[in-house]
Each structure stands twice: as C-alpha cells, then as structure tokens.
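Next come the chains, spelled out residue by residue.
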Amino acid sequence: DAMVIQNPRYQVTQFGKPVTLSCSQTLNHNVMYWYQQKSSQAPKLLFHYYDKDFNNEADTPDNFQSRRPNTSFCFLDIRSPGLGDAAMYLCATAGLNTEAFFGQGTRLTVV
Amino acid sequence: EDQVTQSPEALRLQEGESSSLNCSYTVSGLRGLFWYRQDPGKGPEFLFTLYSAGEEKEKERLKATLTKKESFLHITAPKPEDSATYLCAVRGQAGNNRKLIWGLGTSLAVNP
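Residues numbered from 1 in each chain as written. Chains lettered and ligands numbered in written order. Predicted model: local features only at pLDDT ≥ 70, side-chain atom pairs only at ≥ 80, totals over all residues. Heavy atoms only, no water.

1. Structural notes on the packing of aromatic side chains
(1) Moving on: This model, assessed by the stated rule, comprises 12 aromatic pairs over all chains.
(2) Moving on: Each ring, one from Phe102 of chain A and one from Tyr36 of chain B, has its centre 5.5 Å from the other, and the planes form 90°; the classification is edge-to-face. A residue pair is termed interchain when its members come from two chains, as with Phe102 of chain A in strand β10 (residues 100-102) and Tyr36 of chain B in strand β4 (residues 30-38).
(3) Moving on: Taken together, the ring pairs connect Tyr33, Tyr35, Phe101 and Phe102 of chain A together with Tyr36, Phe46 and Trp102 of chain B into an aromatic cluster. (Phe/Tyr/Trp six-rings, centres within 6.5 Å; stacked < 30°, edge-to-face > 60°. Helix = DSSP H or I, 4+ residues; strand = E, 2+ residues; numbered from the N terminus.)

Rendered as structure tokens:
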C-alpha cells in the first residue's frame, strides 16, 4: 500500500547521458517535491509543484528539469549528469500545510 | 532567516538508556514542525507533526514536544531497531509556505 512510489530504486547512468526518474502518488496531494540528498546531509530541495504551478529553487542547476503531466505523476530529468550529481533523489508529496510523505528514493550512480 | 539546528549530531545509547534529541528553530510564523526517521538508503519516514507550543505527540517509545523555540524527541528505553537518523523540519508562513526548512539530523545508534 505504498503511497509515494519512485522508480527505479537504483539507476546507473553514464556521464552526460540524459536520465529520467519517476514518482507517482496515490494520495491525491496538491504538492509534489523533488529533493537531492547526499551522504550525511539534509535533503536539498530542487523544485516543487503546487498543482501545475512549478517552483524552482534559485540554486537548482539548469541541468535539472521537471515535468508533472497530472496530479499523480512527476518526473525529474537530468539532462547531462555529472559525477557530482550522484546522490539519492527523493520525491515527496503533501497537502497544503500538512506533513510531507516521501518515497523510498532513487539512488543515482554516474559512471 | 528561517533556520533549524539539531543536536547532538550523533548519539550512541545502550539499549534501555533513555535520552532526548533537540531541534531548535527560528521561523516567522510556525506552520508546523515535523519529525522524520530515516534509515540508510531509504526515504524519510514521517513520525510526528506539531503545530503549537505545548503540544505533545507519542508513538511507541517516541514522544515529541514543542516550545516556541525548540522541539524535543524523547526516546524511552530505546531498542537497537530505533537506530536511524532523525530529521527535524519546519514550515513557516513567510514567502512560499509550501517549503520545508530542514535540520542536518541526529544519527542515533542503540547498542544491544
């Protein structure tokens, strides 16, 4: 009965080769977030959607893009992954002013 | 500027040895303080939401409390399976109030 599902759990990509991570939710939440988390660090917000309204963080590199085709799905596109983009990518959803629920994450390795 | 500071960074306990984790925050207009547990290689698991000073929530061996400046996560008689990183986050009312401000977490190890 997973509520926020991320696919794949593990992704290996080549340096510079575009990669897409996916997230789906069964909670019907308005807000969906994408976070990047590196070892022993707090999650770092890349961007979030409120319904179809896209909100980018000022320090998110242009290399990272996102799409939300409908309420249930959200995608993270990394156009040209570098070695520094290797991390855990976390998707989360929330209702307005409620707690966020996270998926299990996608561990991205860049070779 | 909204800010969250967690202490200690790391804590090692013996099984059954109760203790507390601290989350100090500065936020304009608290719209929620959230505690999460994160196991290695997994996404954060939601534990508690607290909205106003004096509020308390409990779940099994965990109890979260809130004042106007800080929150405590009390762990009573911990077991090895409580070993994890505990993260604290707040949501304020300034600006984009859908964003969470995160602390760096407390890494808890409980020895049998």
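2. Things to note about the pattern of salt bridges
Opposite charge on two side chains makes pairing possible when the charged atoms of those side chains draw close.
(1) Moving on: In this structure the tally under the stated criterion is 7 salt bridges over all chains.
(2) Moving on: Linking Glu57 of chain A and Lys99 of chain B is a salt bridge whose minimum nitrogen-to-oxygen distance equals 2.9 Å. Here Glu57 of chain A is found in the loop between β6 (53-56) and β7 (64-67), whereas its partner Lys99 of chain B is found in the loop between β9 (84-92) and β10 (101-102) on a different chain.
(3) Moving on: The class for Glu57 of chain A is buried, based on a relative accessible area of 14%.
(4) Moving on: Between Asp82 of chain B and Arg61 of chain B there is a salt bridge, with its nearest N and O atoms 2.8 Å apart. Taken together, the residues span a long stretch of sequence, with Asp82 of chain B in the loop between β8 (70-75) and β9 and Arg61 of chain B in the loop between β6 (56-59) and β7 (62-66) at a distance of 21 residues.
(5) Moving on: Taking the relative accessible area as the measure of exposure, Asp82 of chain B reaches 6% and is therefore buried. (Salt bridge = Lys/Arg side-chain N within 4 Å of Asp/Glu carboxyl O. Buried < 20%, exposed > 50% of the residue type's maximum accessible area, 1.4 Å probe, protein only.)

3. Brief notes about the state of the cysteines
Two cysteines, two sulfur atoms, one covalent bond between them: this is a disulfide.
(1) Moving on: For the coordinates displayed, the defined rule picks out 2 disulfides over all chains.
(2) Moving on: One disulfide in the model links Cys23 of chain A with Cys91 of chain A; its S-S distance is 1.9 Å. Judged by the torsion about the S-S bond (-70°), the Cys23 of chain A/Cys91 of chain A disulfide is left-handed. Of this pair, Cys23 of chain A sits in strand β3 (residues 19-25) while Cys91 of chain A sits in strand β9 (residues 87-94), placing them 68 residues apart in sequence. There is no split in this pair, since Cys23 of chain A and Cys91 of chain A are both buried.
(3) Moving on: One disulfide bridge connects Cys23 of chain B with Cys88 of chain B, the sulfur atoms lying 1.9 Å from each other. Here the disulfide of Cys23 of chain B and Cys88 of chain B is left-handed, its torsion about the S-S bond being about -65°. Taken together, the residues span a long stretch of sequence, with Cys23 of chain B in strand β3 (residues 19-26) and Cys88 of chain B in strand β9 at a distance of 65 residues.
(4) Moving on: The buried category is assigned to Cys23 of chain B, whose relative accessible area is 0%. (Disulfide = S-S within 2.5 Å.)

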